[in-house]
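Each chain, written out:
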Amino acid sequence: MESLIKNRVGNFDWESIKAELFASGFGLTGAILTAQECAELVSLYEDESRFRSQVVMERFRFGKGDYKYFRYPLPKIVEQLRESTYPRLARLANEWRTALGDKGLEFPPTHEAFLDRCRRAKQNLPTPLMLHYEPGGYNCLHQDIYGEIAFPLQLVVMLGQQGRDWDGGEFVLVENVPRAQSRVQVVTADQGHGIVFTTRYRPAKGARGFFRVSLRHGVSPVRRGTRYTLGIIYHDAK
């Protein structure tokens, strides 16, 4: 399993993903999980022993639906996705730091080293999660920040197929450009495919160099069916 996922990640068109992230704040990975692996993850959703907490979105006006944060140890598929995608994304995150003149610490080359940094900041709670929506479900625009340590990129994987398992429920990004109107992007991906996107901002090239463009993400209303997704967030929470 570990070598299979690692090989799939290694075969992504990372140059294309990098270019898309620079241009739009998101990039499509292509196939990252098989249909069987997706089904295995969906089957875990009713097993409360695998999760540390559940959030019902309506209670907090986050949207309509629910999501659950995995507990440690993470399921192997989730752990391997997190560990194998991080090094490539860390290199890109450091390029973004340089472009924006960020004087903070570089992101380390391995995910374990990055988690050590989170632990020193008392961010010990795992953040990978599964999200579940029924008809009428949606997720308001937001950013996933859980403490002072935050990795600038994250990954969502579709665990079902839009058009077969649900209608609507598109992934939405809204970009707030300084002194300009907001830009909305609606993104779709097939079952087992991933979307890498920015947690908070992306660098944009201006006349005087790079500047930050802020983004938030959400999910449009599900019109029919049941939508499950896997979210991979690389920093842990307090």
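Within each chain, residues carry numbers counting from 1 in the order of the written sequence. Per-residue local features of the predicted model are confined to residues with pLDDT of at least 70, and side-chain atom pairs are confined, for both listing and counting, to 80 or more; whole-chain, interface and lining totals are unaffected and use all residues. Each side-chain value is worked out from all heavy atoms of the structure, with water and hydrogens disregarded.

Enquirer: Can you walk me through the sheet that holds strand E11 (residues 193–198) in this structure?
Expert: Sheet strands associate in pairs through backbone hydrogen bonding, adopting either a parallel or an antiparallel arrangement. Strands are labelled as partners when DSSP assigns at least two bridges between them. What counts as a helix is a DSSP run of H or I of at least four residues, what counts as a strand is a run of E of at least two, and both are numbered from the N terminus. The seven strands lie next to each other as E1-E11-E7-E15-E5-E4-E2, forming an open sheet whose pairing is antiparallel. The open sheet has two edge strands with one neighbour each: strand E1 (26–31) and strand E2 (51–56). If you compare each strand with its neighbour and ignore which way they point, the axes differ by 20 degrees on average. Relative to E11, strand E7 (residues 153–158) runs antiparallel, the two sharing five bridges. Directly across from Val156, in E11, lies its bridge partner Ile195. Helix H5 (residues 76–100) rests against strand E4 (66–70), E7, E11 and strand E15 (227–233) of the sheet, and its axis sits at about 55 degrees to E15. Lines are fitted to the C-alpha atoms to define the axes, a helix being fitted only along its stretch in contact, and any angle between axes, read from their N-to-C directions, falls within 0 to 180 degrees. Residue contacts are counted whenever heavy atoms from the two residues lie within 4.5 Å of one another.

Enquirer: How should I be thinking about helix H2 (residues 14–24) in this particular structure?
Expert: Each turn of an α-helix holds 3.6 residues, which means side chains three or four residues apart point in the same direction. Here H2 has its buried residues at Trp14, Ile17, Leu21 and Ser24. In a view along the axis of H2, the buried residues occupy a sector of 120 degrees, so they form one face of it. Directly after H2, the chain includes Gly25, whose backbone phi takes a positive value near 90 degrees. Only protein chains enter the accessibility calculation, which uses a 1.4 Å probe; a residue is then buried when its area is under 20% of its type maximum, exposed when over 50%, and partly exposed in between. Taken from the helix axis, the directions to the C-beta atoms give the arc we talk about.

Enquirer: Explain unusual backbone geometry here, please?
Expert: The omega torsion across Tyr72 and Pro73 is -5 degrees, close enough to zero to call that bond cis. By the secondary structure assignment, Pro73 is in the loop between E4 and H5. Not every positive phi belongs to a glycine, and Arg61 is a case in point at roughly 60 degrees. Along the chain, Arg61 turns up in the loop between helix H4 (57–60) and strand E3 (63–64). Overall, Arg61 belongs to the exposed group, its relative accessible area being 76%. Look at Lys122: it is not a glycine, yet its phi comes out positive at around 65 degrees.

Enquirer: What is the right way to read the pattern of salt bridges from this model?
Expert: Opposite charge on two side chains makes pairing possible when the charged atoms of those side chains draw close. Note on definitions: salt bridges are taken to be side-chain nitrogens of Lys or Arg within 4 Å of carboxyl oxygens of Asp or Glu. Counted according to the given criterion, the structure contains eleven salt bridges. Here Arg82 and Asp236 are joined by a salt bridge, their closest N and O atoms 2.7 Å apart. In this pair, Arg82 sits in helix H5 while Asp236 sits in the segment after E15, placing the two residues 154 residues apart along the sequence. Assessed through its relative accessible area of 2%, Asp236 is described here as buried. The partner of Arg119 in a salt bridge is Glu112, and the shortest N-O contact between them spans 2.5 Å. Each of Glu112, Asp116 and Arg119 takes part in one network of salt bridges that share partners.

Enquirer: Honestly, the environment of Gln80 in this entry has me stumped. Any pointers?
Expert: Tracing the backbone through its elements, the reader meets Gln80 in helix H5. Each C-alpha atom, one on Gln80 and one on Ser3, is 9.1 Å from the other, the two residues being 77 residues apart in sequence.

Enquirer: Would you mind going over the environment of Thr198 with me for this structure?
Expert: Topologically, Thr198 is positioned in strand E11. Relative accessible area serves as the criterion here: at 1%, Thr198 is assigned to the buried category. Taking the C-alpha atoms as reference points, Thr198 and Gly27, 171 residues apart in sequence, are found 9.4 Å from one another. Those residues within four positions of Thr198 in sequence are excluded, and the remaining contacts are Leu21, Gly25, Trp96, Pro152, Leu153 and Leu215. Under the rule applied, a polar contact is a pair of N or O atoms within 3.5 Å (in protein, one hydrogen donor and one hydrogen acceptor; residues adjacent in sequence only if both atoms are side-chain atoms). At 3.4 Å, the side chain of Thr198 forms a polar contact with the backbone nitrogen of Arg200. Polar side-chain contacts of Thr198 include one of 2.4 Å to the backbone oxygen of Tyr201.

Enquirer: Got a minute to help me understand the nonpolar core in this structure?
Expert: Nonpolar side chains tend toward joint burial in soluble globular proteins. Here, the term nonpolar core denotes a set of buried Ala, Val, Leu, Ile, Met, Phe, Trp, Tyr and Cys residues that are joined through side-chain atoms within 4.5 Å. Of all hydrophobic cores here, the largest spans 40 residues; its most connected members are Leu33, Leu41, Leu81, Met130, Phe151 and Leu230. Of all the elements in the fold, those that place two or more residues in this core are helix H1 (2–10), H2, helix H3 (35–43), H5, helix H6 (111–120), E7 and E15. The contact partners of Leu230, leaving out residues within four places of it in the chain, are Leu41, Phe70, Val78, Leu81, Leu129, Met130, Leu155, Val156, Val157 and Leu159. Residues Phe26, Leu129, Val187 and Val222 belong to the second largest nonpolar core, which totals 25 residues.

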